[in-house]
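Architecture and fold: a report
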Amino acid sequence: MSTPTLYYFDGRARGEVSRLLFAYAGKKFVDTRGAFPLEEELRAKTPFGQLPYYVDDNIQIAQSVAIEFYLADQLQLAGSSTIERAQILQYTLLPADLYAPYFPAYLTNNEAALKLFTSETAPKVFAKLETLLVKAGGAYLVGNKLSWADISIFNLLDFFHQQPGNLIEVLKPFPALLAFHKQIAAVPQFAEYLKNRPTTIF
Ligand SMILES: N[C@@H](CCC(=O)N[C@@H](CS)C(=O)NCC(=O)O)C(=O)O
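What you see is a predicted model; the values in this text were computed from it and never measured. (Residues numbered from 1 in each chain as written. Predicted model: local features only at pLDDT ≥ 70, side-chain atom pairs only at ≥ 80, totals over all residues.)

1. Side note on the domain arrangement of the protein
Domain parsing of the protein yields domain 1 (5-77 + 192-196) and domain 2 (82-186). Here domain 1 and domain 2 have C-alpha centroids that lie 20 Å from each other. Contacts between the two partners involve 11 residues from domain 1, matched on the other side by 12 residues from domain 2. For the side of domain 1 that touches domain 2, the secondary-structure elements that each account for two or more residues are helix 1 (16-25) and helix 3 (64-74). Ranked by residue count, the leading element in the side of domain 1 that touches domain 2 is helix 1, at 4 residues. (Domains from an automatic or database assignment. Contact = placed C-beta atoms within 7 Å. Helix = DSSP H or I, 4+ residues; strand = E, 2+ residues; numbered from the N terminus.)

Dropping the structure here:
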């Protein structure tokens, strides 16, 4: 049996939730962190010409959320009913809605677009998320237990903690989200992983 391999760039962004799921499982994987731009030989192997891309003995897939689902489902973190699975997906699809406006602004250092992102786009999403989390009890987003939704939203909040440009300021008005971030970061497997992971620019 070969070791599962995750192909992504040397960054957190769309690869990090899968890495966190491996950390939670305590499962070995090959964490391939390619240089930008994407090597043409690797691009040709991927379904849609993009990363992340995941390979094990049973599957070769792309799309970050599909990879996450595949890993989370094996850990019983992807919901135990149709309703839970849909509720979890509602959260795991959310980070991409923020990455979409953030990355073009960040990578081109577009100050006006970054200002719009930090003063309007992101706070609007986090205000809604804070309300939903409080309504769910504050500890977990779905079903009163740890799920892929919590890991995905933790990673989004953590992204805001790590990014340059003081992105962390965006989270300051949201105490429940900050407490949630702290609580998930303290889960022993995550604490160990976060202590040792490489520092990257996104
Ligand atoms: N919807 C896809 C988006 C994938 C995507 O945009 N990948 C980017 C990196 S985050 C990429 O491979 N860019 C290099 C390229 O397109 O050449 C996912 O969530 O996996």
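The discussion continues.
2. Here we look at the sheet that holds strand 4 (residues 60-62)
Read from one edge of the open sheet, 4 strands run 2-1-3-4, paired in mixed fashion. Edge positions in the open sheet fall to strand 2 (30-34) and strand 4, since each of these has one partner strand only. The sheet shows a mean angle of 20 degrees between the axes of neighbouring strands, taken without regard to direction. (Pairing = 2+ DSSP bridges. Axes fitted to C-alpha atoms, helices over the stretch in contact; angles between N-to-C directions.)

3. Things to note about unusual backbone geometry
The omega angle of the peptide bond from F36 to P37 is -5 degrees, so this bond is cis rather than trans. L51 connects to P52 through a cis peptide bond whose omega is 10 degrees. If you trace the backbone, P52 turns up in the loop between helix 2 (40-45) and strand 3 (53-55). Positive phi is not limited to glycine here, since N144 has a value of about 55 degrees. Here N144 shows up in the loop between helix 6 (111-135) and helix 7 (148-162). Judged by local crowding, N144 falls into the exposed class, with 10 C-beta atoms found within 10 Å. For N166, which is not glycine, the phi torsion reads 55 degrees and is therefore positive. (Buried ≥ 20, exposed ≤ 12 C-beta atoms within 10 Å, placed from the backbone.)

4. Here we look at the site of the ligand
Neighbouring the ligand are the residues A13, R14, P37, L38, Q50, L51, P52, Q63, S64 and A96. Here the residues of the shell around the ligand are counted per class, giving 6 nonpolar, 3 polar and 1 charged. (Near = placed C-beta within 6 Å. Nonpolar A, V, L, I, M, F, W, Y, C, P; charged D, E, K, R; others polar.)

5. Thoughts on the pairing of strand 2
The pairing of strand 1 (residues 5-9) with strand 2 spans 5 bridges and is classified as parallel. Residue pairing for strand 2: L6 is matched across the bridge by D31. For the segment spanning strand 1, helix 1 and strand 2, crossover handedness is right-handed. (Right-handed = clockwise from strand over helix to strand, strands pointing away.)

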